[in-house]
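Now for the letters of each chain:
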Amino acid sequence: MSFLDYFRGKKSSSANVAKERLQIIVAHERGQRDQPDYLPQMQQEILAVIRKYVQISDDMVQVEVDRNGSCSVLELNVTLPER
Amino acid sequence: MARIIVVTSGKGGVGKTTTSASISTGLAKRGHKTVVVDFDVGLRNLDLIMNCERRVVYDFVNVIQGEASLNQALIRDKRVDTLYILPTSQTREKEALTKEGVEKVINELSETFDYIVCDSPAGIEHGALMALYYADEAIVVTNPEVSSVRDSDRILGILQSKSRRAEMGQEPVKEHLLLTRYNPDRVERGEMLSVADVEEILAIPLLGVIPESQVVLNSSNQGMPVILETESDAGQAYDDAVARLLGEEREHRFMTNQKKGFFSRMFKGG
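Per chain, residue numbering runs from 1 following the sequence as it is written. Following the order in which they are written, the chains are lettered starting with A and the ligands numbered starting with 1. A pLDDT threshold of at least 70 governs which residues receive local features in this predicted model, and a stricter bar of 80 or more applies before side-chain atom pairs are shown or counted, although totals over entire chains, interfaces and linings include all residues. For side-chain calculations, the full set of non-hydrogen atoms in the structure is used, while hydrogens and water are omitted.

As a further point, take the overall build of chain B. Runs of H or I in DSSP of at least four residues are treated as helices and runs of E of at least two as strands, each being numbered from the N terminus. Scanning chain B from terminus to terminus reveals 13 helices and 8 strands. A compact globule built from 270 residues should have a C-alpha radius of gyration of about 18 Å, and chain B, at 19 Å, falls within 12% of that. Considering only C-alpha atoms, chain B reaches an extent of 70 × 40 × 35 Å along its principal axes. Only protein chains enter the accessibility calculation, which uses a 1.4 Å probe; a residue is then buried when its area is under 20% of its type maximum, exposed when over 50%, and partly exposed in between. Looking at chain B residue by residue over its 270 residues, the buried ones come to 55%. In this description, contact between two residues means that some pair of their heavy atoms is separated by no more than 4.5 Å. When contacts within chain B are restricted to residue pairs at least 6 apart in sequence, those whose partners lie at least 24 apart make up 74%. Accessible surface, chain B as shown: approximately 12100 Å² in total, 47% of it carbon and sulfur. Only four residue types enter the charge count, namely Lys and Arg as positive and Asp and Glu as negative; His and the chain termini do not. A charged residue contributes its charge at one atom only: NZ of Lys, CZ of Arg, CG of Asp or CD of Glu. Computed over 32 positive and 40 negative side-chain charges, the inter-centroid distance for chain B is 3 Å. Based on C-alpha atoms, the radius of gyration is set beside the globule rule, defined as 2.2 Å times the residue count to the power 0.38. Computed with a 1.4 Å probe, the accessible areas rest on the Shrake-Rupley method; for each residue, only the protein chains presented here act as cover.

Residue and element names in this part refer to chain A. Given a rise of 1.5 Å per residue, 13 residues ought to cover 18 Å, and the 18 Å separating the end C-alpha atoms of helix α3 (residues 39-51) matches this to within 8%. By the burial criterion, the buried members of α3 are Leu39, Ile46, Leu47 and Ile50. For α3, the arc enclosing every buried residue in end-on projection is 105°, short of the 170-degree limit, so these residues lie on one face. Tucked inside the fold, the buried residues of α3 contact β1 (61-68) and β2 (71-78). What a helix is expected to span follows from its residue count: subtract one and scale by 1.5 Å. Working note: the arc is built from the helix axis to C-beta atom directions.

With that settled, the discussion passes to a nonpolar patch on the surface. Two joining distances apply to patches: 9 Å for like charges and 5 Å for nonpolar side chains (Val, Leu, Ile, Met, Phe, Trp, Tyr), and every residue must have over 30% relative accessible area and no salt bridge. We define a salt bridge as a contact between a side-chain nitrogen of Lys or Arg and a carboxyl oxygen of Asp or Glu at a distance within 4 Å. On the surface, a nonpolar cluster with roughly 250 Å² of combined accessible area is contributed by Leu76, Val78 and Leu80 of chain A. Along the chain, the position of Val78 of chain A falls in strand β2.

As a further point, take the pairing of strand β8 (residues 206-211) of chain B. All names here are of chain B. Burial of β8 is extensive: 6 of the 6 residues sit out of reach of the surface. Between any two strands, pairing holds if DSSP finds at least two bridges. Pairing of strand β7 (residues 174-182) with β8 involves 4 bridges; the strand directions are parallel. Along β8, the bridge assignment pairs Leu178 with Gly208.

Quick look at the packing of helix α1 (residues 16-29) of chain B against helix α12 (residues 233-245) of chain B now. Each pair of packed helices gets described by two things: the angle between the helix axes and the distance between those axes. Residue and element names in this part refer to chain B. Each axis is a line fitted through C-alpha atoms, and for a helix only the stretch in contact is used; angles between axes span 0 to 180 degrees, taken between their N-to-C directions. Their axes nearest at 9 Å, the elements α1 and α12 cross at an angle of 60°. Relative to α12, the element α1 is oriented oblique. The crossing of α1 and α12 is right-handed. Residue-level inspection shows Thr18, Thr19, Ser22, Ile23, Gly26 and Leu27 of α1 in contact with α12, the latter providing Tyr238, Ala241, Val242 and Leu245. Classes in brief: Ala, Val, Leu, Ile, Met, Phe, Trp, Tyr, Cys and Pro nonpolar; Asp, Glu, Lys and Arg charged; the others, Gly included, polar. Taken together, the residues of the contact of α1 with α12 break down into 6 nonpolar, 4 polar and no charged. For this classification, under 35 degrees means roughly parallel, over 145 means roughly antiparallel, 65 to 115 means roughly perpendicular, and everything else is oblique. The hand of a helix crossing depends on one turn: near helix anticlockwise from the far one by less than a right angle means left-handed, and clockwise means right-handed.

Each residue carries a pLDDT value, the predictor's own confidence for that position, ranging from 0 to 100. Overall, the predicted model of chain A reaches an average pLDDT of 82, with 86% of residues at or above 70. Ranking the elements of chain A by mean pLDDT puts helix α1 (residues 3-8) of chain A last with 55 and helix α2 (residues 14-33) of chain A first with 90.

Residue and element names in this part refer to chain B. Positive phi is not limited to glycine here, since Asn51 has a value of about 60°. Structurally, the position occupied by Asn51 is in the loop between α2 (46-49) and α3 (60-64). Asn51 sits in the partly exposed class, given a relative accessible area of 41%. Its identity as a non-glycine residue notwithstanding, Arg181 has a phi of 55°, on the positive side. Relative to the helices and strands, Arg181 resides in strand β7.

Moving on, we get to the packing of aromatic side chains. Residue and element names in this part refer to chain B. A pair of Phe, Tyr and Trp rings is counted when the ring centres sit within 6.5 Å of each other, with Trp represented by its six-membered ring. The angle between the planes then sorts it: under 30 degrees is stacked, over 60 is edge-to-face, the rest tilted. This model, assessed by the stated rule, comprises 3 aromatic pairs over all chains. Between the aromatic rings of Tyr84 and Phe113, the centroid separation amounts to 5.5 Å while the plane-to-plane angle is 75°, which identifies the pairing as edge-to-face. Linking Tyr84 in strand β4 (residues 83-86) with Phe113 in the loop between α5 (99-112) and β5 (115-119), this pair joins segments that are 29 residues apart in sequence. Centroid distance Tyr133 to Tyr134: 4.8 Å. Interplanar angle 85°. Geometry classified as edge-to-face. Across from the ring centre of Phe113, 4.9 Å away, lies the NZ or CZ of Lys33, which sits over that ring. The criterion is that NZ of a Lys, or CZ of an Arg, lies within 6 Å of the ring centre and within 35 degrees of the ring normal, and then a charge sits over that ring. Positioned over the ring face of Tyr133 is Lys99, at 4.1 Å from the centre of the ring.

Our focus in this paragraph is the confidence of the model for chain B. In regions of low pLDDT, the predicted coordinates are not meant to be interpreted in detail. Model confidence for chain B is summarised by a mean pLDDT of 93, while 95% of its residues fall at 70 or above. Across the predicted assembly, pTM comes out at 0.85 and ipTM at 0.83.

This next bit is on α2 of chain A. The end-to-end C-alpha separation of α2 of chain A is 28 Å, in line with the 28 Å expected for 20 residues at 1.5 Å each. Buried within α2 of chain A are the following residues: Ala15, Ala18, Lys19, Leu22 and Val26 of chain A. Angular distribution of buried residues about the axis of α2 of chain A spans 95°; they occupy a single face of the element. For α2 of chain A, the exposed residues lying more than 90 degrees away from the buried face are Glu20, Arg21 and Ile24 of chain A. Of the surrounding elements, those touching the buried residues of α2 of chain A are α7 (146-162) and α10 (195-202) of chain B.

Before going further, it helps to spend a moment on the interface of chain A and chain B. In this complex, chain A contributes 15 residues to the contact, which on the side of chain B involves 19 residues. Two parts placed together each lose some accessible area under a 1.4 Å probe, and adding up what both lose gives the buried area. Between chain A and chain B, a total of about 1500 Å² is buried, with carbon and sulfur atoms accounting for 54% of that surface. The tally of links from chain A across to chain B stands at 4 salt bridges. With a closest N to O distance of 2.9 Å, Lys19 of chain A and Glu200 of chain B form a salt bridge. Any pair of N or O atoms that falls within 3.5 Å is considered a polar contact. Within protein, one atom must be able to donate a hydrogen and the other to accept it, and sequence-neighbouring residues count only if both atoms are side-chain atoms. Inspection of the region where chain A meets chain B yields 9 residue pairs in polar contact (both at pLDDT 80 or more). Elements represented by at least two residues in the side of chain A that touches chain B include exactly α1 and α2 of chain A. Looking at side-chain class alone, the side of chain A that touches chain B contains 6 nonpolar, 3 polar and 6 charged residues.

Next up, the structure:
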């Protein structure tokens, strides 16, 4: 890193930070965009059922739909807390 | 059959109306019969940018509701004679733009015009959805700034799912990225997202880069589309964008800083 680069702050420029943040949020939002409308509601209901038995937080249930041509797979991931 | 082009962005204040004015003027200047339609019901501004605000008698909503004919509402531009402006209503509700009403007007315009440029309001509400619904092509106006890029991606998702072409399962709306208020100096200093960064994130073809320029405010002050400022970099960048829109190959300009200062030239040499 040269003397000049030190002043220019090339290493961790704010533009690079912006790009990284955008790549993450845009990828996340694109993933949600293709999901069916009923998914958030269904996730809440699944969460409610599990909570009857185990106390878990919202982010411990992941629901996703994967489409492969004519067939869709509903993927449900539940992380249970340690006993 | 007219080609329908929506100028959209999601975020406000990025240059949609400025772009609509210049793109439509550029198309008309090349001899194509063009109409530019303001979809921002309640916040009419295209008339001001096109310098015809005192000539508005009837508007888009009047035509939809059968209170005026299309010919009564269309305003012929005083500079380019193949260009017409269809102003929007300043007083009605957004919901006055019904899908059927908009379709009726677009169909009637299609009979006589080559290009219909739809100037979308900001946001992703009803007005914006109506502006993009019938589009064949979309110019997504984006500033090199996080919120604008994110909103552009959102509007791209809507184009891909809620436009007529998407609903009918037709060939998708052709998407174009127009990066505006670009400052090569700040990009060089690492303070602004570069063209390549935005292209990489949004992953749609680049139509043009409009440099940040004082000419833009100066021309809007006077109701003059930027593209008519043929000496300016912003005006020339818009002219390039119109040429590309019509299929011409033009190299991108104004993406690097031409006027190098004494110091940076000295240090760059080393």
